[in-house]
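Read off the chains here:
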Amino acid sequence: MSNRSKQNASKGPDKGAFPLDHFHECDNEAKQYNQCIQKHENMPKRCRKYQVDYLQCRMNNGLMEKEDLSKLGLGPETSWESEEQEKQFLFDKINRIKTKAMDEVKKKTEQSNKQE
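What counts as what
- Starting afresh in each chain, residues are numbered from 1 along the sequence in its written order.
- Only residues with pLDDT of at least 70 get local features here, since the model is predicted, and only at 80 or more are side-chain atom pairs given and counted; chain-wide, interface and lining totals rely on the full set of residues.
- In computing side-chain values, all of the structure's heavy atoms are included and hydrogens and water are not.
- UniProt positions are given in the numbering used here, feature names are shortened, and annotations may be inferred rather than shown by experiment.
- Comment: elements are numbered from the N terminus, with helices defined as DSSP H or I runs of at least four residues and strands as E runs of at least two.
- Note on terminology: a nonpolar core comprises buried Ala, Val, Leu, Ile, Met, Phe, Trp, Tyr and Cys residues joined through side-chain atoms within 4.5 Å.
- Partly exposed residues are those whose accessible area sits between 20% and 50% of the maximum for their type, while under 20% is buried and over 50% is exposed, using a 1.4 Å probe and protein chains only.
- Residue contacts follow a heavy-atom distance rule, with two residues in contact if any of their heavy atoms lie within 4.5 Å.
- Cysteine sulfurs are considered disulfide-paired once they come within 2.5 Å of each other.

Labelled according to an unreviewed UniProt entry, the protein chain appears under the name CHCH domain-containing protein, originating from Paramecium primaurelia. What UniProt records for the protein chain under Subcellular location (unreviewed entry) is the sentence "Cytoplasm".

Structure follows, in structure tokens:
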């Protein structure tokens with residue numbers, strides 16, 4: 001075997017084969033997911049239900065190995081709900097800091113006015 005052929009050797013996917021859906025068994029799920037993605041401007045977390053439905057269809061029809069969805073990146077920590085909760089937490093934290101800063105400015109302004 002020459003060095004050239006060693007360099008061109010390809011490696012298969014980590015999860016094994018991912019056969020095409022020749023019999024269109026999961027077309028409906030794929031279509032729903034694609035419509036959702038278009039509706040939500042390519043934000044897949046908003047279409048999580050359709051991602052799960054599509055993968056479940058593929059697993060149920062032998063188009064991929066059955067796998068725990070959390071191992072496929074679809075655990076609760078990556079859900080849209082978790083992201084929204086995190087955003088709300090950060091928003092509330094920023095507002096608390098902002099309120100505290102405004103109170104400090106108000107307090108210093110009042111102290112400055114008393115000294116005059």
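Chemist: Mind laying out the UniProt feature "domain: CHCH" (unreviewed entry) in the protein chain, listing which residues take part and the relevant values?
Modeler: Look at the UniProt record and you will see "domain: CHCH" (unreviewed entry) annotated at residues 26-60. Between the C-alpha atoms that bound residues 26-60 the distance is 10 Å, and the span itself is 74% helix and 0% strand.

Chemist: Describe unusual backbone geometry, with residues and values.
Modeler: One non-glycine residue, histidine 24, lies in the positive phi region at around 55°. In this structure, histidine 24 sits in the loop between helix H1 (3-8) and helix H2 (27-39). Here the phi dihedral of asparagine 42 falls at roughly 60°; this positive angle occurs in a residue that is not glycine. Mapped onto the fold, asparagine 42 is located in the loop between H2 and helix H3 (48-60).

Chemist: Explain the nonpolar core to me, and be specific about the residues and the numbers.
Modeler: Core analysis: the biggest nonpolar cluster contains five residues, these being Leu55, Met59, Met64, Leu69 and Leu74. Not counting residues within four places of it along the chain, the set of residues in contact with leucine 55 comprises Met64, Leu69, Leu72 and Leu74.

Chemist: Summarise the state of the cysteines; cite the residues concerned and give the values.
Modeler: Tallied over the entire structure, the rule returns two disulfides. Disulfide partner of cysteine 26: cysteine 57, at an S-S distance of 2.1 Å. Residues cysteine 26 and cysteine 57 are joined by a disulfide whose S-S torsion is about -95°; by sign, that bridge is left-handed. You can see cysteine 26 sitting in the loop between H1 and H2 and its partner cysteine 57 sitting in helix H3, a full 31 residues away along the chain. A sulfur-sulfur separation of 2.1 Å characterises the disulfide bridge that pairs cysteine 36 with cysteine 47. Its torsion about the S-S bond being -90°, the disulfide of cysteine 36 and cysteine 47 is classed as left-handed. Here cysteine 36, found in helix H2, pairs with cysteine 47, found in the loop between H2 and H3; they are eleven residues apart in sequence, far enough to count as distant. Numbered by order of appearance in the sequence, the disulfide-linked cysteines of the protein chain pair as 1-4, 2-3.

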